[in-house]
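Close look at the chain arrangement
In case you want the letters, here they are:
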Amino acid sequence: MSIEQMGVVGAGQMGAGIAQVAAQSGIRVTLSDVSEERLQLGRQTIASSLGRLVKKEVLTSTEADQALALIWFSANLADHHQNELVVEAVSEVESLKKDVFAELNTICLDTTILASNTSSISITRLSSVVNNAERFIGMHFMNPVPMMPLVEIIRGIGTSDATYLAVAELAKRMKKTTVVSQDSAGFLVNRLLMPMINEAFFALMENVGSAADIDLSMKLGTNHPLGPLELADLIGLDTCLAVIEVLHRELGEDKYRPCPLLRKHVEAGWLGRKSGRGVFQYSD
Ligand SMILES: NC(=O)c1ccc[n+]([C@@H]2O[C@H](COP(=O)([O-])OP(=O)(O)OC[C@H]3O[C@@H](n4cnc5c(N)ncnc54)[C@H](O)[C@@H]3O)[C@@H](O)[C@H]2O)c1
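All of the points below concern the structure found in this document. (Residues numbered from 1 in each chain as written. Predicted model: local features only at pLDDT ≥ 70, side-chain atom pairs only at ≥ 80, totals over all residues. Heavy atoms only, no water.)

On to unusual backbone geometry, then. Here asparagine 143 and proline 144 are connected by a cis peptide whose omega angle stands at -5 degrees. Mapped onto the secondary structure, proline 144 falls in the loop between strand S6 (136-141) and strand S7 (150-155). Phi is positive for lysine 175, which is not a glycine, with a value near 65 degrees. If you trace the backbone, lysine 175 turns up in the loop between helix H6 (161-173) and strand S8 (177-181). The exposure class assigned to lysine 175 is exposed, which follows from its relative accessible area of 73%. The backbone of phenylalanine 187 shows a phi angle near 55 degrees, a positive value even though the residue is not glycine. (Helix = DSSP H or I, 4+ residues; strand = E, 2+ residues; numbered from the N terminus. Buried < 20%, exposed > 50% of the residue type's maximum accessible area, 1.4 Å probe, protein only.)

This is the structure we're talking about:
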């Protein structure tokens, strides 16, 4: 099954990136969010990302314009009714995602595939609010979507082979490499990544080293392109905390206990790059 028309719900950093890469692959995209203001921010994110690709000569300006023209920005969830596949990329809150899927379930066609870009929440549990779990799947893109080559595919207990194959084909068309994970808290990527980020916050809280030195240790000592604290700022500290809470709750082990310093940053609204301040400060 080849997808020619898809939707993305949530025009934040992930949703905007998914819509952009789909449009660059020639797919018509409906990108929705809760307000015109959010959509405007999403449009700006996409336009500047396409602009950077033109500057780097990855795309011509005509190709960038064509991609942007394939995206329809809408504040109305009902506008997803004709889409063959809809990827949900709203904030990492289970109740919010379930509300979105319950609505999509009534809006979309019986044949529409519903996918979640969740970083950690059970695909099987999210699928419980739709009529047909066969058409429900996890499609976990990495941040920033236009740059990162991986998509993690997660099958829920009811996901059909046809749904898996359609999503794997879509990821390939978007020039992504896929891995398959069981439907287990944090899947593969965040099961490995988030304990490291959480531990970096513990090391910072206990004054084992400065934030700069914690990051340098992993960059120069283990060849990571970004240190764990700057990566956490890029991901969003609210998202990191939500994922670590899922690991802690669902795997039930103390080693996943969220670091109090991470929690404090989130409570202060220091969410990372997207709010201008996280562990580090951002001027633009
Ligand atoms: N940030 C990352 O590095 C990363 C990586 C992979 C996956 N994810 C996952 O992607 C999802 C989105 O993360 P993000 O970083 O883009 O968050 P974000 O905060 O940048 O964006 C979330 C967007 O969802 C919108 N939204 C909230 N409720 C909505 C609703 N009911 N209907 C429509 N839109 C709604 C918000 O207005 C916002 O624009 C989360 O599930 C997150 O775990 C994030």
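Interhelical geometry of helix H10 (residues 237-251) versus helix H11 (residues 260-267) gives an angle of 135 degrees and a closest axis separation of 9 Å. One finds that H10 runs oblique with respect to H11. The element H10 and its partner H11 pack so that their crossing is left-handed. Within the contact between the two elements, H10 uses Leu237, Asp238, Leu241, Ile244 and Glu245 and H11 uses Leu262, Arg263, His265 and Val266. Considered class by class, the residues forming the contact of H10 with H11 number five nonpolar, one polar and three charged. (Axes fitted to C-alpha atoms, helices over the stretch in contact; angles between N-to-C directions. Parallel < 35°, antiparallel > 145°, perpendicular 65-115°, else oblique. Left-handed = near helix turned anticlockwise from the far one by under 90°. Contact = heavy atoms within 4.5 Å. Nonpolar A, V, L, I, M, F, W, Y, C, P; charged D, E, K, R; others polar.)

Where a strand is regular, its side chains alternate between the two sheet faces. For strand S1 (residues 5-9), a buried count of four out of five residues is recorded, marking the element as mostly surrounded by other parts of the structure. Both S1 and strand S2 (residues 28-32) contribute to a ladder of five bridges, which runs parallel. What sits directly across from glutamine 5, in S2, is arginine 28. Note: S1 against strand S4 (residues 85-88), four bridges, orientation parallel. Note on S4: the bridge partner recorded for valine 9 is glutamate 88. (Pairing = 2+ DSSP bridges.)

Next up on the list: the pattern of salt bridges. Charged atoms that come close allow side chains of opposite charge to pair. One pass over the full model with this rule turns up 10 salt bridges. Residue aspartate 238 pairs with lysine 274 through a salt bridge whose shortest N-O separation is 3.0 Å. Taken together, the positions of aspartate 238 in helix H10 and lysine 274 in the segment after H11 put the pair 36 residues apart, joining distant regions of the chain. The exposure class assigned to lysine 274 is partly exposed, which follows from its relative accessible area of 47%. A salt bridge links glutamate 245 to arginine 263; its shortest N-O distance comes to 2.7 Å. Residue glutamate 245 is located in helix H10, and its partner arginine 263 is located in helix H11; the two are separated by 18 residues in the primary sequence. Note on glutamate 245: relative accessible area 27%, which makes it partly exposed. (Salt bridge = Lys/Arg side-chain N within 4 Å of Asp/Glu carboxyl O.)

This part covers the state of the cysteines. Scanning all chains against the criterion turns up zero disulfides. As a non-bridged cysteine, cysteine 240 has cysteine 259 as the owner of its nearest cysteine sulfur, 12 Å distant. The exposure class assigned to cysteine 240 is buried, which follows from its relative accessible area of 0%. (Disulfide = S-S within 2.5 Å.)

In the vicinity of the ligand there are 25 residues, among which Asp33, Glu92, Lys97, Ser119 and Ile235 approach most closely. Between an oxygen atom of the ligand and a main-chain N or O atom of glutamine 13, the distance comes to 3.1 Å. At 2.8 Å, a backbone N or O of isoleucine 235 approaches a nitrogen atom of the ligand. In the complex, the protein chains occlude 88% of the 840 Å² of accessible area that the ligand would expose alone. Breaking the shell around the ligand down by element, the ones donating at least two residues are helix H1 (13-24), helix H4 (94-107) and S6. Grouping the amino acids of the shell around the ligand by side-chain chemistry returns 10 nonpolar, 10 polar and five charged. Taken together, domain 1 (5-181) and domain 2 (191-274) each give at least three residues to the shell around the ligand, which thus spans both. (Near = heavy atom within 4 Å. Polar contact = N/O pair within 3.5 Å; in protein donor to acceptor, adjacent residues only side chain to side chain. Areas by Shrake-Rupley, 256 points an atom, 1.4 Å probe, with all protein chains shown as cover. Domains from an automatic or database assignment.)

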